[in-house]
Amino acid sequence: MPTPARSYDVIVAGLGAMGSAAVYELSARGVRVLGLDRFAPPHTLGSTHGRTRIIREAYFEHPLYVPLVRRAYERWDALAAAIGQPTYLTTGGLMIGPADGPLVSGALASAREHDIAHDLLDPATLRRRFPVLCPPEGTVALLERRAGLLFPELCIRAYLELAARHGATLSLEDPLGAWEEESDGVRVRTARGSYVARRLLLAVGPWLPELARDDTLPLEVERQTLHWFAPRERADELTAARMPLALWELENERLLATFPDTGDGVKVGVHHEGEITTPDAVRRTTTPAEDEEVRALTARVIPAAAGTLLEGRVCLYTNTPDHHFLIDQHPAHPAVLLASPCSGHGFKFASAIGEILADLLTDEKPNFDLTPFSLARFGVRSGLRIA
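Please read all numbers here as calculations on a predicted model, not as lab measurements.

Reading the values: rules and limits
- Residues take numbers from 1 onward in each chain, read along the sequence in its written order.
- Residues qualify for local features only when their pLDDT is at least 70, as the model is predicted, and side-chain atom pairs are given and counted only at 80 or more; totals for whole chains, interfaces and linings, by contrast, use all residues.
- Computation of side-chain values: all heavy atoms of the structure, hydrogens and water removed.
- When two cysteine sulfur atoms are found within 2.5 Å, that pair is recorded as a disulfide.
- A simple rule labels every residue: compare its accessible area, found with a 1.4 Å probe on the protein chains alone, to the largest value its type can have, and call it buried under 20%, exposed over 50%, or partly exposed in between.
- By the criteria applied, helices consist of DSSP H or I runs no shorter than four residues and strands consist of E runs no shorter than two, each listed in order from the N terminus.
- Contacts are assigned to residue pairs that have any heavy atoms within 4.5 Å of one another.
- Two rings from Phe, Tyr or Trp (for Trp, the six-membered ring) form a pair when their centres are within 6.5 Å of each other. A pair whose planes differ by under 30 degrees is stacked, one over 60 is edge-to-face, and the rest are tilted.
- Lysine NZ or arginine CZ positioned within 6 Å of the ring centre and within 35 degrees of the ring normal marks a charge as sitting over the ring.

**Looking at the state of the cysteines**
What is meant by a disulfide is a covalent connection between two cysteines, made through their sulfur atoms. The tally for this structure, following the rule as stated, stands at zero disulfides. Not part of a disulfide, C342 finds its nearest cysteine sulfur in C315, a span of 12 Å. The buried category is assigned to C342, whose relative accessible area is 7%.

Laid out in structure tokens, this is it:
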């Protein structure tokens, strides 16, 4: 006789940024929740790793994100209080580029609309305040004082440990297999067994195009590289105590992110220039050519940081066509919620999005308008509310 399926209120597939936060928020509300992951998070095979991630408020992508990131700050602070250690480090953040470019003009629009404390610096002032930086001619800088660095592995680990304390069942190294909607919910199968629940959350990041089983979803997985360099000189000026994180808009709207040294070298990444791939086919190591290209870019803007390569890693973005998030019902399965294709800029919001997902999965109305993140903007059927 087959073993009966175990029953839960909600099953969460994918325990990275959004999934781990959602499992925590659900379990803290007393919801019977099962969390599944094909690996043992935190791990380096998806999107949620890299030791540090940026949190910033003057959001150049769109002012609509500012209230969301403000709530995220509150929830990261709550997580820090729960575990007794900081979840982020305030360093200040620089947006450096042409005054009329999307980076600086977008950040300035958000800062003005939402009254965010900031300074506008010309190149001479920027070099005087941060002598280790070399802003290109014709650029200006917006300095946001509250910006900083989140610690993704710490946050994921903390969410999962707290969720387990609240009674969540976590089945790690247990990939989601077949799932099907039934009259009273969803049935899920993995190698370890069969489970049923009223709701299923797919927060599987780069595995979503495969596991959502819907060709109408406009998603692409993009390979990205991260590099850590040993300082070539002036190491004390490259630490988080003295150098802010920075986004640099170079020629042709190319974006480079530089992170101060928090003990592993200066971290550098080029934003949205990777090849389209899948989690199974992706090239998992950086090449010497990629390493040297990023070193050369680093030498242009922070020459002292462009020393020996300490490490190169590969990260995966799951992109929507407009690079805004996706939070919506599955177009064909109302009991299934889709979340987390964040186009490479989502981790900072995970604490707030976890709360929003918990609201949706328990039939509560979120405090944020999710219309900008719905499938309707792509002409795909949208349910948005799970009711």
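Read on for the rest.
**As for the environment of E173**
If you trace the backbone, E173 turns up in the loop between β9 (169–171) and β10 (179–182). Overall, the relative accessible area of 54% leaves E173 in the exposed class. Taking the C-alpha atoms as reference, E173 lies 9.8 Å from A191; in sequence the two are 18 residues apart. In this structure E173 touches D37, R38, F39, A40 and R192, once residues within four positions along its chain are discounted.

**Some details on the side chain of R56**
Looking at the secondary structure, you find R56 in the loop between β3 (53–55) and α2 (66–83). The residues contacting R56, other than those within four sequence positions of it, are E61, V69, Y73, M95, E144, A147, L247 and K348.

**Description of the packing of aromatic side chains**
One pass over the full model with this rule turns up 13 aromatic pairs. Through successive ring pairs, a cluster of aromatic residues spans Y59, Y65, F325, F349 and F373. Its guanidinium or amino end placed over the ring of Y73, R146 lies 3.7 Å from that ring's centre, counting from NZ or CZ. Positioned over the ring face of F259 is K267, at 4.3 Å from the centre of the ring.

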